[in-house]
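The chain contents come next:
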Amino acid sequence: MRYLILVPDGAADDRDENGKTPLEEAHMPVVNGLAARGFVGQVTTIPEGIFPGSDAANLAVLGYDPVADLTGRSPLEAVSMGIDMSDTDVAFRANIVTLVGDGAYGDLVITDHSSGDIGDEEARQLLKAVNDELGAGRAENGGRVAFYPGVSYRGALIVSAGEPTVTGIGDVSEEAAGYWLTPPHDILTKRIGDYLPTGEGSGFIKELMEKSYDILKDHEVNKDRVRRGLNPGNSIWIWGQGKKPALDSFESKFGITGSVIAGVDLIKGIGICAGLESITVPGATGTLETNFAGKADAVIEEFEKGKDFVYIHVEAPDECAHQGNRADKIESLERIDAEVLAKVVGWLRKDGEPFRVLVVPDHRTPVALRTHTMEPVPYVIYDSGDEQENAGALFTEASGENGRAFGSGAELAKYFFGKK
Ligand SMILES: [Zn+2]
């Protein structure tokens, strides 16, 4: 048996003034064909009291507990960047940001959380300069602090348990999970002194941020950026910390192995932490320009290699919804159906081995709201060995409401993988 889970991120939505949701308006013959010969229902991926983030929602769809198993976004990103985290390490996001003003560090104002979406190479040079001065290697080298470049402004900081080497404070990695660090995109145009880390043990983080400014403010890369009229990346902003989640392996939960195909680090990191293989597809960007066909080919390749299960996540509908672009959201849904699902399901049928497909958004992202919401999402389950008579069923919010409701992603996953 082969298992395919397709997640069109944020696909579920609300009706517009013409009385239709994007899923109702999009032409999606393949998934609706599966619905008519399978099951449609709805699932509550986001439990009460949890922020409906993609981290929590994708953990839920994979059958994990988005409350107990989620320890933050940064460790998932760090794992997907190839950083080997121990159970006692703490990962932070180390944004490269733009500060303006004169005087003391605390009097500066943050104007850009991404330094004008700084390029990977410039970001790498800046983080290297910071790491050369402030990094102290990792625990395995007898040190405890290391900065790593990521995509654009999204660096990572890993702090390992052990003796302090930068400043004389307590065990940061034990403390770090406890204090609140402010996301830089929430305080644009504000004086940073009001948002710097506070609380026991956080002085160490504040000191790293302040020293990074001394290192970066006159760096050659930044002088050059200013000459080109671009925002300098003149400070590191540290936030979003967490330990690596201790997930039971997917294989131990469901008895099968598999791969994750995603364009975003967060989803790749969840897959890796679950013991799944993360496949990188060239041109898989997470936008409407993403390489849909390349992703479909990658799914087929994984099945050909003998994987029992492939999880394919497509970010584009969510991204279009965040931009408030309904037409693009509909186009992204139609392309997922025509360029991904049609190809993969066609191959599965031709290959002949029995297969099950689950199509389910991780959460809703209504175009009108441009943000995630908590309501249940529709799902479609199709089993090639157990076809149903379900004419009229569709992959839509309304159709889902008439079907079987699952109270959590874990219950849906158990049903999908365990169904006899
Ligand atoms: Zn989103």
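Let me begin by describing the structure that accompanies this report. (Residues numbered from 1 in each chain as written. Predicted model: local features only at pLDDT ≥ 70, side-chain atom pairs only at ≥ 80, totals over all residues. Heavy atoms only, no water.)

Further remarks concern the coordination of the zinc ion. Every protein donor of the zinc ion is listed here as Asp318 (OD), Asp318 (OD), His322 (NE2) and His372 (NE2), and their distances to the metal cover 2.0 to 2.5 Å. Bound by 4 donor atoms, the zinc ion shows angles of 57 to 145° at the metal and therefore irregular coordination geometry. Of note, the donors binding the zinc ion are all from one chain and are spaced D-x3-H-x49-H. Residue Asp318 is found in helix α12 (residues 316-322), and its partner His372 is found in the loop between β11 (355-359) and β12 (377-383); the two are separated by 54 residues along the sequence. Overall, His372 belongs to the buried group, its relative accessible area being 13%. (Donors = N, O, S within 2.8 Å, 3.2 Å for Na, K, Ca; no water. Tetrahedral: all angles 85-135°; square planar, octahedral: opposite > 155°, others 65-115°. Helix = DSSP H or I, 4+ residues; strand = E, 2+ residues; numbered from the N terminus. Buried < 20%, exposed > 50% of the residue type's maximum accessible area, 1.4 Å probe, protein only.)

Our focus in this paragraph is the environment of Pro183. Note that Pro183 resides in the loop between α6 (172-175) and α7 (203-216). Exposure remark for Pro183: the relative accessible area of 9% places this residue in the buried category. Measuring from C-alpha to C-alpha, the distance between Pro183 and Val109 comes to 14 Å, with 74 residues separating the pair along the chain. Excluding its chain neighbours within four sequence positions, the residues that come into contact with Pro183 are Trp237 and Trp239. (Contact = heavy atoms within 4.5 Å.)

Here the focus is the packing of aromatic side chains. Enumeration over the complete set of coordinates arrives at 14 aromatic pairs. Between the aromatic rings of Phe250 and Phe417, the centroid separation amounts to 5.4 Å while the plane-to-plane angle is 80°, which identifies the pairing as edge-to-face. Of the two residues, Phe250 sits in helix α9 (residues 250-254) while Phe417 sits in helix α15 (residues 409-418), which places them 167 residues apart along the sequence. For Phe250, a relative accessible area of 1% gives the class buried. Between Phe254 and Phe417, the aromatic rings sit 4.7 Å apart at their centres with planes inclined by 35°, giving tilted as the arrangement. On the criterion of sequence distance, the pair formed by Phe254 in helix α9 and Phe417 in helix α15 is long-range, its members being 163 residues apart. (Phe/Tyr/Trp six-rings, centres within 6.5 Å; stacked < 30°, edge-to-face > 60°.)

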